[in-house]
Amino acid sequence: MGNDAPATDMATEAAAALTALNGKPADGVWSAPGRVNLIGEHTDYNDGFVLPFGIEQRTWCALSHRDDRIVRVYSTFSGEAREVPLDGIEDATFDGWSAYVFGVIWALTERGVDLADKAGVDLAIASNVPSGAGLSSSAAIECSVATALNEVWDLGLDSAALAKVCQRAENVAVGAPTGILDQTASLRALEGFAVFLDCESLESETIPLPLADEGLTVLVMNTHVEHAHATGGYGERRAACERGAEVMGVTTLRGLTVADLPKAQELLDDVTYRRVKHVVTENDRVLETVATLRGKGARAIGDLLLASHASMRDDFEISVPELDLAVETAMAHGAIGARMTGGGFGGSAIALIPVERRDEAAEAVLTAFAAAGYTTPTVFTEKPSQGPRRDV
Ligand code: GLA
């Protein structure tokens, strides 16, 4: 259990990969974390509330300057260098993992940032955020690259602007119709805190999450069930929310409260109603979680996490049997609360658990998955960790 390579090694790995690419030392290495969403799922693109925290695993971006107008990128996980000229990048299309990197530059130009006087760069990416785990490995790439370029190109963009740029990269260059949760979580993460974000105003507050002081930890159970938000269920859920909002006469579902649900049930078909109900009740659960954390502390949020999971399983219908089994098994072995985290259809579940029950629960999850004939999950602990930074 625990995390892979120490952070300094990963920064060194990214720098070494860059030198292997171009024979030059890195001029700097920047990094940004993945995220766990504690609660507030599929609320971001409905202008609602979310409560994520940055995780210990990060993505590192080593950079060296060029004297032409080419951007070249290499990663330790793909082994293939790709390049694009800065001239004409606003009309370019991208494929594969490098779309997360080039998409950030494309999105800067879409935003009207003038890159005409900027020199090209060589970039090398290294990451220990597991991909496909629902822990925002893609946002971590985007945010590490955006943080590096913001500094070396002296763009002066704040975290809200950078988050938008990274989200556009994901929406347009990659083609996944996702919200602002992952990028804001990565860019505003703070060690020991969760980020309480209002996705309508984009205002956020950091909420203390002193889990260790309360004898707690967060267990992540990566089911290894693959999900892809560029296709399928994610976009369908988003469309259902938009449909629901339209029939209810509001711009987004943020405009509804639980008091509107009886009317929604009258006006909407059953499936759309249940999608709407999830989002409206989930917003309330985020607010209640924040209030509870501030008052009674993390030991009192278990029922909210469980209610969130039930809502995603039964009303939003984005859970899978592996996620349900992870949640149920953790609950049977000491967890205070548990839920799937992220976009759903696979990825990870989290459990809030007293430290002394952690090993027992992890063992039980492995045993339960084996008994069910499921792929062996990866189980590890997380704590709220630092946001973007320059490492070298
Ligand atoms: C994915 C998306 C986010 C958010 C979550 C669900 O992680 O990238 O924008 O919609 O799913 O809460």
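Residues numbered from 1 in each chain as written. Predicted model: local features only at pLDDT ≥ 70, side-chain atom pairs only at ≥ 80, totals over all residues. Heavy atoms only, no water.

S.K.: Looking at this model, I keep getting lost on helix α8 (residues 270–295). Mind explaining?
M.R.: Residues separated by three or four positions in an α-helix point in the same direction, a consequence of the helix having 3.6 residues per turn. The first and last C-alpha atoms of α8 sit 37 Å apart over 26 residues, in line with the 38 Å expected at 1.5 Å per residue. Just beyond α8, the residue with positive phi is G297, at close to 100 degrees. (Helix = DSSP H or I, 4+ residues; strand = E, 2+ residues; numbered from the N terminus. Expected span 1.5 Å × (residues − 1).)

S.K.: What am I meant to see in the site of the ligand here?
M.R.: Around the ligand there are 13 residues in total, and E41, H42, D44, D182 and Y234 lie nearest to it. A distance of 2.7 Å separates an oxygen atom of the ligand from a polar side-chain atom of E41. D182 is positioned such that a nitrogen or oxygen atom in its side chain is 2.5 Å from an oxygen atom of the ligand. For the ligand, the accessible surface in isolation is 310 Å², of which the surrounding protein chains cover 97%. Across the shell around the ligand, the residue classes tally to 3 nonpolar, 6 polar and 4 charged. Here the shell around the ligand spans two domains, since at least three of its residues come from each of domain 1 (7–207) and domain 2 (210–382). (Near = heavy atom within 4 Å. Polar contact = N/O pair within 3.5 Å; in protein donor to acceptor, adjacent residues only side chain to side chain. Areas by Shrake-Rupley, 256 points an atom, 1.4 Å probe, with all protein chains shown as cover. Nonpolar A, V, L, I, M, F, W, Y, C, P; charged D, E, K, R; others polar. Domains from an automatic or database assignment.)

S.K.: Would you mind going over the packing of α8 against helix α9 (residues 302–314) with me for this structure?
M.R.: When two helices pack together, their arrangement is given by the angle between the helix axes and the distance between those axes. The geometry of α8 relative to α9 is characterised by a closest axis approach of 10 Å and an angle of 170 degrees between their N-to-C directions. The angle between α8 and α9 places the two elements in the roughly antiparallel class. In this structure, α8 uses R274, H278, T281, E282, R285, E288, T289 and T292 to contact α9, whose residues at the interface are L304, A307, S308, S311, M312 and D314. Here the contact of α8 with α9 is composed, by residue class, of 3 nonpolar, 6 polar and 5 charged. (Axes fitted to C-alpha atoms, helices over the stretch in contact; angles between N-to-C directions. Parallel < 35°, antiparallel > 145°, perpendicular 65-115°, else oblique. Contact = heavy atoms within 4.5 Å.)

S.K.: What should I look at first to understand the nonpolar core in this one?
M.R.: Generally speaking, soluble globular proteins have nonpolar side chains that are buried together. Counting residues in hydrophobic clusters, the biggest one holds 48 residues, and the most contacted among them are V71, F94, V101, I105, L123, V145 and W153. At the level of secondary structure, the elements contributing two or more residues to this core comprise β1 (28–39), β2 (49–65), β3 (70–75), α2 (99–110), β5 (121–127), α3 (137–152), α4 (159–174) and α5 (181–188). Top element by residues in this core is α2. It accounts for 9 residues. In this view, F94 contacts V84, I89, A99, F102, G103, W106 and A173; residues no more than four positions away in its chain are not counted. Counting 37 residues, the second-largest nonpolar core is a separate cluster that includes L261, V276, V280 and A330. (Core = buried A, V, L, I, M, F, W, Y, C linked by side-chain atoms within 4.5 Å. Buried < 20%, exposed > 50% of the residue type's maximum accessible area, 1.4 Å probe, protein only.)

S.K.: Sorry, what's going on with the packing of aromatic side chains here?
M.R.: Pairs of aromatic rings are described using the distance from one ring centre to the other and the angle between the two planes. One pass over the structure, following the stated rule, counts 5 aromatic pairs. Measuring from ring centre to ring centre gives 5.8 Å for F49 and F196, while their planes differ by 35 degrees; the resulting arrangement is tilted. Within this pair, whereas F49 is found in strand β2, its partner F196 is found in strand β6 (residues 193–198), the two being separated by 147 residues in sequence. F196 matches F49 in its accessibility class, with the two residues each being buried. An angle of 75 degrees between the planes, with centres 5.6 Å apart, marks the rings of F369 and Y374 as edge-to-face. Owing to a relative accessible area of 26%, Y374 belongs among the partly exposed residues under this scheme. (Phe/Tyr/Trp six-rings, centres within 6.5 Å; stacked < 30°, edge-to-face > 60°.)

S.K.: What exactly am I supposed to notice about the sheet that holds strand β11 (residues 378–382) here?
M.R.: Pairing between sheet strands relies on hydrogen bonds along the backbone, with the strands arranged either parallel or antiparallel. Across the sheet, which stays open at both edges, the 4 strands sit in the order β9-β10-β8-β11 with antiparallel pairing between neighbours. Across the chains shown, the open sheet's two edge strands, defined by having one partner strand only, are β9 (337–341) and β11. Taken over all neighbouring pairs, the strand axes of this sheet differ in orientation by 25 degrees on average, direction set aside. Alignment of strand β8 (residues 216–222) against β11, held across 5 bridges, turns out to be antiparallel. Bridge pairing in β11 places M221 opposite V379. In the packing of α9 onto the sheet, contacts are made with β9 and β10 (348–354), and the angle to β9 comes to roughly 40 degrees. Contacting β8, β10 and β11, helix α11 (residues 358–372) crosses the sheet at an angle of about 15 degrees to β8. (Pairing = 2+ DSSP bridges.)

S.K.: Whenever I open this one, the domain arrangement of the protein chain confuses me. Can you help?
M.R.: Size of an interface: often given as the accessible area lost when the parts come together. Each assigned domain of the protein chain is listed here: domain 1 (7–207) and domain 2 (210–382). Using only C-alpha atoms to locate each centre, domain 1 and domain 2 end up separated by 26 Å. Domain 1 puts 38 residues into the contact, and the matching count from domain 2 is 45 residues. Summing the contributions of domain 1 and of domain 2, the shared interface buries around 3,300 Å²; its carbon and sulfur component is 62%. Interface area lost by domain 1 to domain 2 is led by I39, E41 and H42, which between them contribute 20%. Those elements that provide at least two residues to the side of domain 1 that touches domain 2 are β1, β2, β6 and β7 (204–208). A total of 7 residues in the side of domain 1 that touches domain 2 trace back to one element, the largest contributor, which is β2. When grouped by side-chain class, the residues that make up the side of domain 1 that touches domain 2 number 17 nonpolar, 13 polar and 8 charged. (Buried area = accessible area lost by both parts, 1.4 Å probe.)

S.K.: Hey, could you run me through the side chain of K118 in this one?
M.R.: The topology assignment puts K118 in the loop between α2 and β5. For K118, a relative accessible area of 15% translates into the label buried. One polar contact links the side chain of K118 to the main-chain carbonyl oxygen of W153, over a distance of 3.0 Å.

S.K.: In this structure, what is going on with the environment of W60? I would like to understand it.
M.R.: Structurally, W60 is set in strand β2. With 45 residues separating them in the primary sequence, W60 and A15 have C-alpha atoms 9.0 Å apart.

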